[in-house]
Structures are given as C-alpha cells and as structure tokens.
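# Survey of secondary and tertiary structure
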Amino acid sequence: MHVIAVAADYDGTLAEGGKVSPSTVSAIERLIASGRAFILVTGRILSDLLAVFPEAGLCSAVVAENGAVLYRPATRERMRLGSPPPEPLVRALADKGVQPLDVGESIIATVRPHEITALEAIRDLGLEHHVVFNRESVMVLPPGVDKATGLRAALAELRLSPHNVVAVGDSENDHALLQAGEWAVAVANAVPTLKDIADQVTAASAGAGTAELIHEVLRDDLAAAPARHRIEMGQAAGGSSVSIPAQGENLLIAGSSGSGKSTLAVGILERLAQRGYQLCVIDPEGDYESFAGAIVFGNAQRAPTVPEILSALERPDAQIVVNLVGMPLQDRPAFFLGLLPRLQEWRARTGRPHRILVDETHHLLSPDRQPAPTVWAPQLTGMIFVTVHPDSVAPSALRAVTVAVALGERPERTLRTFAERAELPFPHTAPVALDAGEAVIWRARSGEPPTVFRMAPSEGDRRRHRRKYAEGELPPDRSFYFRGPDGLLNLRAQNLMLFRQLAAGVDDATWLHHLRQGDYARWMEQAIKDPWLAEAVRRIEGQGSLSADESRRLVAQAIEERYTLPASESTI
C-alpha cells in the first residue's frame, strides 16, 4: 500500500506514563519530513493532551475525546463532532459519588468500576449514550461517536483517503480506529483482543513500537505487508474465491471483442468503488460513461483536460472517467502519455487514484509508442490494462503485469502471447474451451498454472440476471420439474419465484426426494447458471439430518439473499 498518513493513539501507543520519548518524537519528525501526515487519535480531553504533549503541533490533526473533538494544530481551531454532555447525566453521576468525573466538550470520563453506575444513569435517563473502555479508564460518549468517526472527519479535512492510512493502537477503544485504516497495527503491549484483529503487532511496546512502525513505513512503504483487502473477480471450481488485492498488483484483461472483458472490468470497478477506493478510468471509446457515480470528463463534442481531471481527484471519494471520444483518434495516445506522469505525481502525494484502468491499451500504449522511462515508472502499480491484442501492447507495460486474465476462444494462446511479450516463462497448457461467463487467470510470477474461473457479474449484469431468473420464464428444457419419488407429479417451475412457491406446497416426500438427489443445486448451477447459489444449496443438501421444513427454509433463505430485489425492482 501507499502510506500517506499514520494515525496513532496516545496513551500506551505513543506515550508511556503520559510522556512521549524524544526518540519517538524524532520518528514522527522523520515521517513528516517524508511528506506524510501524522494524526493523533486519543481518548483524552484536548486541554489535558496539550498540557502533556507540547509537540502536538507536529500533527496534521488531533482527534480528541475518543472521536468527539477535532483540533487543527496549525490554526489552533477546534470543532466539536459530538453533542455536549447532557447536564442531567453529569448531575446524576456526581450525585452518585462518581470520582474522578471529568467533563469535556462532549465526553464524560471516569474510571472502573463506575461503568455500572454510568450505564444505570444512561438507562434511567433514557439516553442513547454509550460507554467505551480504555483499560481502567471509562468514557461516556454520544451515540455514533468513536475513534473511527473522528478519524474520518480529520481525513475529510485533510483530503486523504482511509485506504492510505496505517492505524496503530493499544487498548479496547482502539478497535474502531484500527478498523478504519487500510492497515491495522497493535503495539506489543496492546490488549489481546486488539492484537487479534491487527494485521501486524510490533516487536516493541508503546512509543518504541510506534517508532518501529514509522521506520518500516519510511523504509519501504510496508512493501512486505500482505493485502488486507481483496476484490473478488469470481469463483474457481469447488467454490474457492478468485480475487486480486484492492491496491498494488497490475492486472491485464485480454480477449476478443464480446468475450466479457467489459463485464469483468466493470465488476471489479464497482466493487472497488463500493469500498471507497478512488478510480481513474481512461476510456477511449466512451464505454464507461455510464459508470454509476462517476464524474465523466469529455464527451463527443468536447475533449477532457488534464487540469480538470486533477482538480476532481482532490476529492478522495471521487471516481473519474476520462472519455476520449471527442478527441481525434491519433491524438489519444499522446494525451494519455501526457496525463500518466501527472497521475503518478498526484499518487506520490496523495496515494490516489488507487486504481487506473486503461481501456483499449493496445491503442494507447502500443509498441511504437513505447513510453519513456520518465513517463512509465517501473514502480507504477494499481494498473488495470484491458485489451483485445496483448501482442500490440508496449512490452514495458506488459512486464509490469503480475496477474493476467484471458477470455474468449483459445485463452491459453492469449496468455502465452502475453508471456512471450513480457519475457516470462509460460507453463505447458492444454487448449481450454470456456463456457459463457468463464475466464482463465494466471498469476504470472507465482509458478502456478493458469486456472479457469467463473466471473462474478457486475451489478448491471446482476440486475438483469435477477430479473430474468427470478421473474422471467425459462424454456421448458431449463425449467425445474417437481416429479416426486414415483414420478407421479409434473410441476414446472420456470423461474426462481415459482420454484419457491411450488417448493412451499409440495409434500415432504417429493421435496426430500429431489433434495437428497442433489437436484436443486444441479438445476441452479446448470440452468440458472449461478455457481454461488448452487454451492450454498449443495451445502444444505449435504446436511442429511435436516427435516423437510428446515431444508425448505434454508433453501428459500439462500435464494432470497441472492435474488431479492429492491422494492422498486421486484416484489419477490
């Protein structure tokens, strides 16, 4: 990942005994000198923090009161992110003898064992406040406020993405903080439950552990860290997931026209966007202009400009499509080669866009337009190349590819062509015949052979799929027939809605007859063409102890989870 900011807790993570050592301060200074941000996220009341940590001015932002207060050290401005402490609650705690009792701008802080008294007072007053623990400390906070909400507010002001943040903590109230970043780190002295959810545990404790983490960030941007977040592309035989890291690896999608390249590419983009990763799609032919939620620059009458693209990328949540249709065909490669180094510069500063998709790569990065080293940085990652002809793509781009997917006829030939152009050894592979919706993936540097998988549909395809199979009418040869153990019935279900209705009404013997033969999963895989649903139903069929009613309920639930549409689209 590209680390742009480190977000750290204070007590027990940055400080020991309330103080930060000079060596830890020095590590923070080196992090800032590298162009990265340091964000402090603490449960302390702001005035208390500033009294014990005079170096708070080093921070790009301080989130205090466990997410309820945002402080800008550069301007000394503060913003309350939560509601003020309810006076009746403060009085109730004081009347019950709770000591110490510290009241901040939003937080009420005390120590164990006063959490019971606090919970009783919250209940008696009918409040929605919640109690958070930090070892022996007890904090009462407004609803919806925690370290994650505070960090997100700070990142929004700094125009940074949480997908470029490493979060580090030590205690119970740091769970939300660690889950809000792209990489979660617990210092060696952290509570066991925090270590359990962390991606990494430092060798050293407290401030020394945070300094250790900063050293690793400065050394190689956590290059050895395994991908925490992955994007599904589909499923291989047996139901195992086929995926790529959300960030990092370069992907090639190659195949003939109409083979499903766009379906796969759009599905990947949709899942990235849903998780908040920023995308930039280079679209020479206007195929992505309807991508949901994207800002599209350029149309048939107007070419895009580099300044407007970079301006839009300032918003971490913006998804960008660069439509080149309005530009003369011969000018498009030069425009792209002029834009790419600007995107690299932007990514060096912000870590974004997280993914850059280049459609029609064979046109924009052809061998006769070999990018200069100043344009094509060897370390450029996060690329998705989509092409009909991998042999017509500049070798420097192909050599950067780590994962290749081939579709259409003779996919093994497509992969072999890629391997030759990228100067990679390609394993002997027999000819592969793909069914509709299938592709072959090859992790080019893993030593593993290519693998066939069924592509996960894009949301647009999924909606069409749902309508067709949930409410449409399958032909007789693809319908399901409830016939029963003696073949006396002939009840036809030409879609999933009718299947559910008939399943609810047939006798137990008929239902169990088909269940024990595996007929339901077989139909869903072969006729409905949904391997995910088929696998879920196959697991139900394998549970021989289930009654007819129990298995009916589980099969119906599996169908509903996958095919029930929003009310505006279906009444299933």
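Because the structure is predicted, anything quoted here is derived from the model rather than measured.

Conventions and cut-offs
Residues numbered from 1 in each chain as written. Predicted model: local features only at pLDDT ≥ 70, side-chain atom pairs only at ≥ 80, totals over all residues. Heavy atoms only, no water. Helix = DSSP H or I, 4+ residues; strand = E, 2+ residues; numbered from the N terminus. Buried < 20%, exposed > 50% of the residue type's maximum accessible area, 1.4 Å probe, protein only. Contact = heavy atoms within 4.5 Å. Areas by Shrake-Rupley, 256 points an atom, 1.4 Å probe, with all protein chains shown as cover. Lys, Arg positive; Asp, Glu negative; His and termini not counted. Charge placed at Lys NZ, Arg CZ, Asp CG, Glu CD. Pairing = 2+ DSSP bridges. Axes fitted to C-alpha atoms, helices over the stretch in contact; angles between N-to-C directions. Phe/Tyr/Trp six-rings, centres within 6.5 Å; stacked < 30°, edge-to-face > 60°. Salt bridge = Lys/Arg side-chain N within 4 Å of Asp/Glu carboxyl O. Core = buried A, V, L, I, M, F, W, Y, C linked by side-chain atoms within 4.5 Å.

What follows deals with the overall build of the protein chain. If you tally the helices and strands in the protein chain, you get 20 helices and 25 strands. Its C-alpha atoms put the protein chain at 75 × 70 × 45 Å along the principal axes. Classification of the 572 residues of the protein chain by burial places 54% in the buried group. Intrachain contacts of the protein chain at a sequence separation of at least 6 include 62% that bridge at least 24 residues. Of the roughly 24,300 Å² of accessible surface on the protein chain, 51% is carried by carbon and sulfur atoms. Between the centroid of the 58 positive side chains of the protein chain and the centroid of its 70 negative side chains there is a distance of 3 Å.

Let us look at the sheet that holds strand 18 (residues 320–323). As summarised here, the arrangement of the 11 strands in space is 14-13-23-22-21-15-20-19-16-18-17, forming an open sheet in which the pairing is mixed. Because the sheet does not close on itself, it has two edges, and the strands there are strand 14 (241–245) and strand 17 (295–297). On average, each strand axis in the sheet is inclined to that of its neighbour by 25 degrees, with strand direction left out of account. Of the pairings in the sheet, the one linking strand 15 (residues 251–254) to strand 21 (residues 403–406) comprises four bridges and is parallel in character. Its bridge partner lying in strand 21, Ile253 is registered against Val405.

Take the packing of aromatic side chains next. Per the counting criterion, the structure on display carries 13 aromatic pairs. Considering the side-chain rings of Phe499 and Tyr520, the 5.5 Å spacing of their centres and the 75 degrees angle between planes classify their relative orientation as edge-to-face. With Phe499 in helix 16 (residues 496–505) and Tyr520 in helix 18 (residues 519–526), this residue pair connects regions lying 21 residues apart in the sequence. Here Phe499 and Tyr520 have matching classes, each one buried.

Counting across every chain of the model gives 26 salt bridges. Arg78 is the partner of Glu105 in a salt bridge, and the nearest nitrogen-oxygen pair spans 2.8 Å. Of this pair, Glu105 sits in the loop between strand 6 (102–103) and strand 7 (108–111) while Arg78 is found in strand 5 (residues 77–80), placing the two residues 27 residues apart along the sequence. For Arg78, a relative accessible area of 43% puts it in the partly exposed group. We note a salt bridge from Arg302 to Glu308, for which the minimum N-O separation is 2.7 Å. For Arg302, a relative accessible area of 39% gives the class partly exposed. Taken together, the salt bridges that share partners define one network made up of Glu525, Glu535, Arg538 and Arg539.

Looking now at the pairing of strand 20 (residues 383–387). With five of five residues buried, strand 20 lies mostly within the body of the structure. Every second residue of strand 20 is oriented toward a common face, with Met383, Phe385 and Thr387 on one face and Ile384 and Val386 on the other, all of them buried. Pairing between strand 15 and strand 20: four bridges, direction parallel. In the sheet register, Leu252 faces strand 20, and the bridge partner there is Phe385. Where strand 19 (residues 355–358) lies against strand 20, three bridges are found, and the strand directions are parallel.

Further remarks concern unusual backbone geometry. Residues Gln99 and Pro100 are joined by a peptide bond in cis, for which omega reads -5 degrees. Turning to its location among the elements, Pro100 is positioned in the loop between helix 3 (87–95) and strand 6. A cis amide bond links Arg112 to the next residue, Pro113, at an omega of 5 degrees. Relative to the assigned elements, Pro113 resides in the loop between strand 7 and helix 4 (115–125). Positioned with a positive phi, Arg135 is a non-glycine residue whose angle comes to about 55 degrees. The residue Arg135 is located in the loop between strand 8 (130–134) and strand 9 (137–141) in this model. Residue Arg135 is classed as partly exposed on the basis of its relative accessible area of 32%.

Further remarks concern the nonpolar core. Grouped together as the largest cluster of nonpolar side chains are 44 residues, with contacts concentrated most on Ile282 and Phe418. Among the elements that take part in this core, helix 11 (residues 332–350) stands out by supplying seven residues, more than any other. Residues within four places of Ile282 in sequence aside, it is in contact with Val322, Leu324, Phe336, Leu339, Ile356, Leu357, Val358, Asp359 and Leu364. Grouped together as the second largest cluster of nonpolar side chains are 32 residues, Leu14, Leu31, Phe53 and Ala211 included.

Below, the discussion takes up the side chain of His163. With respect to the helices and strands, the residue His163 is situated in the loop between helix 5 (147–158) and strand 10 (165–169). You can call His163 buried: its relative accessible area is 11%. Apart from residues lying up to four places away in sequence, His163 is in contact with Met1, Glu182, Gln247, Arg275, Gly276, Tyr277 and His354.

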